[in-house]
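Structural description and commentary
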Amino acid sequence: MDTTALALSGVTKSFGDTKAVAGIDIAIKRGEIVALLGPNGSGKTTSLDIALGLTSPDSGSAKLFGADPIAAINRNLVGVMLQANSLPTDDRVGRIITLLARIAGASGTVDSLVKRTEIDGLLTRHVAQLSGGELQRVRLAIALIGDPELLILDEPTAGMDPNARRNFWRLMRREADAGRTIIFATHQLNEAEMFAPRTIVLSHGSVVADGPTAEVRGLTASQHLTALIDEENWPTLHDQLADALAEDDSVDFARGQLAITGADLKDVAIAVLSSPDTHAVELRNSTLDDSFEMLTTTPDAERVTA
Ligand SMILES: Nc1ncnc2c1ncn2[C@@H]1O[C@H](COP(=O)(O)OP(=O)(O)OP(=O)(O)O)[C@@H](O)[C@H]1O
């Protein structure tokens, strides 16, 4: 049996002069949970559309479960929540779910699906009456019709408040525990940290990092020190820091605010703290947000494999 759920090989796609996908290779195994990160316009949606056979690549190939994407979709192996999916707003949730389940030959699973996605209370509601979080739960239920092995979710929590977001991932955890392969695009880096053991970062249509989420964060591991310092004391402190600063540390001082970034700022922090007239000294370790910013703003970013 092919253990690869999704494979994009040498995929490129341009829209006019815009290179949306600039040659990517991604292989995701069955049972993996993968977050796809990248700034607006980095090619996440186009890559997922190509993986689903909704858009054809200019070159390269897309395979789901070793076959043409459409073949996998026809076999109910794939459930999707895409940004562009819309539901008829004047229809009731229950009717839509029942109808779609009948089309997929999965009428017998509706009750369990409704319970798992906690939409029991929404069945008689019109789609137009649903909140953002409720609508996404209904869309999740629809994605799960046919008991797909692979779920592809494009920014599934966009527009949700923090509670709805938390609730959504609680439900997804259950689906992940059931052994589904899950690939989701997101702008919420904490969702990748919380839910996805593997993270792929796209920038300008290329993969710039791919590996265990903790390691992707660690790729740019650094510390950040901030402090408030009286302007007239800065030259003296600057001299005092000379021994503690490493060559690659970046130091920025403007209008009384000091910001230093470096691999290990312990000694710098001690020097800053021991100087009089420094206030609000803070030292923190880099987060996935920092890595994301670094990986996606470096010009001509090279691929980094964690
Ligand atoms: N149908 C299209 N016609 C023209 N340009 C397109 C089309 N689809 C995507 N693009 C362009 O391709 C690039 C990649 O877009 P894509 O939607 O894949 O990025 P994304 O990473 O999903 O962005 P976002 O986070 O904003 O959803 C963008 O510059 C976008 O404007």
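Report follows, based on the coordinates. (Residues numbered from 1 in each chain as written. Predicted model: local features only at pLDDT ≥ 70, side-chain atom pairs only at ≥ 80, totals over all residues. Heavy atoms only, no water.)

What follows covers helix H1 (residues 44-51). Counting buried residues in H1 gives seven out of eight residues, a clear majority hidden from the surface. Listing the buried residues of H1 in full gives Lys44, Thr46, Ser47, Leu48, Asp49, Ile50 and Ala51. Count one or two residues on from H1 and you reach Gly53, which has phi positive near 75°. (Buried < 20%, exposed > 50% of the residue type's maximum accessible area, 1.4 Å probe, protein only. Helix = DSSP H or I, 4+ residues; strand = E, 2+ residues; numbered from the N terminus.)

Ordered in space as E11-E12-E10-E13, the four strands form an open sheet in which the pairing is antiparallel. With one partner strand each, in any of the chains shown, strand E11 (250-254) and strand E13 (278-285) form the two edges of the open sheet. Ignoring which end each strand starts from, the neighbouring axes of this sheet average 10° apart. Here strand E10 (residues 223-229) runs beside strand E12 (residues 257-262); their pairing, made up of six bridges, is antiparallel. Bridging from a neighbouring strand, Leu225 pairs with Ile260 of E12. (Pairing = 2+ DSSP bridges. Axes fitted to C-alpha atoms, helices over the stretch in contact; angles between N-to-C directions.)

Time to look at the site of the ligand. In the vicinity of the ligand, 14 residues are found, and the nearest of them are Asn40, Gly41, Lys44, Thr45 and Thr46. In the environment of the ligand, an oxygen atom lies 2.5 Å from a nitrogen or oxygen atom belonging to the side chain of Thr46. Here an oxygen atom of the ligand and a side-chain polar atom of Glu155 are 3.3 Å apart. The fraction of the free accessible surface of the ligand (630 Å²) that becomes covered by protein chains is 61%. Only strand E2 (18-29) and H1 provide two or more residues apiece to the shell around the ligand. A per-element tally of the shell around the ligand places H1 first, with three residues. Taken together, the residues of the shell around the ligand break down into three nonpolar, nine polar and two charged. (Near = heavy atom within 4 Å. Polar contact = N/O pair within 3.5 Å; in protein donor to acceptor, adjacent residues only side chain to side chain. Areas by Shrake-Rupley, 256 points an atom, 1.4 Å probe, with all protein chains shown as cover. Nonpolar A, V, L, I, M, F, W, Y, C, P; charged D, E, K, R; others polar.)

Once that is clear, we can look at the pattern of salt bridges. In a structure, side chains of opposite charge can pair up when their charged atoms sit close to one another. Scanning the model with the defined rule gives 12 salt bridges in all. Across the pair Arg198 and Glu32 runs a salt bridge whose closest N-O atoms are separated by 2.9 Å. Taken together, the residues span a long stretch of sequence, with Arg198 in strand E8 (residues 198-203) and Glu32 in the loop between E2 and strand E3 (33-37) at a distance of 166 residues. Overall, the relative accessible area of 13% leaves Arg198 in the buried class. (Salt bridge = Lys/Arg side-chain N within 4 Å of Asp/Glu carboxyl O.)

What follows concerns the packing of aromatic side chains. Per the counting criterion, the structure on display carries five aromatic pairs. Here Trp169 and Phe184 contribute two aromatic rings whose centre-to-centre distance is 4.7 Å and whose plane-to-plane angle is 55°, an arrangement assigned as tilted. Residue Trp169 is located in helix H6 (residues 162-177), and its partner Phe184 is located in strand E7 (residues 181-186); the two are separated by 15 residues in the primary sequence. Of the two residues examined, Trp169 and Phe184, each falls in the buried class. Look at Phe184 and Phe195: their rings are 5.9 Å apart centre to centre, the planes differ by 65°, and that puts the pair in the edge-to-face class. One end of the pair, Phe184, is in strand E7; the other, Phe195, is in helix H7 (residues 189-195), and 11 residues separate them in sequence. The two residues Phe184 and Phe195 agree in class, both being buried. Grouped by ring-pair contacts, the aromatic residues Phe168, Trp169, Phe184 and Phe195 constitute a single cluster. (Phe/Tyr/Trp six-rings, centres within 6.5 Å; stacked < 30°, edge-to-face > 60°.)

We now examine the environment of Ser47. Summarising the element assignment, Ser47 is placed in helix H1. Relative accessible area serves as the criterion here: at 3%, Ser47 is assigned to the buried category. Along the primary structure Ser47 and Ile97 are separated by 50 residues, whereas in three dimensions their C-alpha atoms are 28 Å apart. When residues no more than four places from it in sequence are discounted, the contact partners of Ser47 are Leu8, Val21, Ile24 and Leu202. (Contact = heavy atoms within 4.5 Å.)

Keep in mind these values describe shape, not function.
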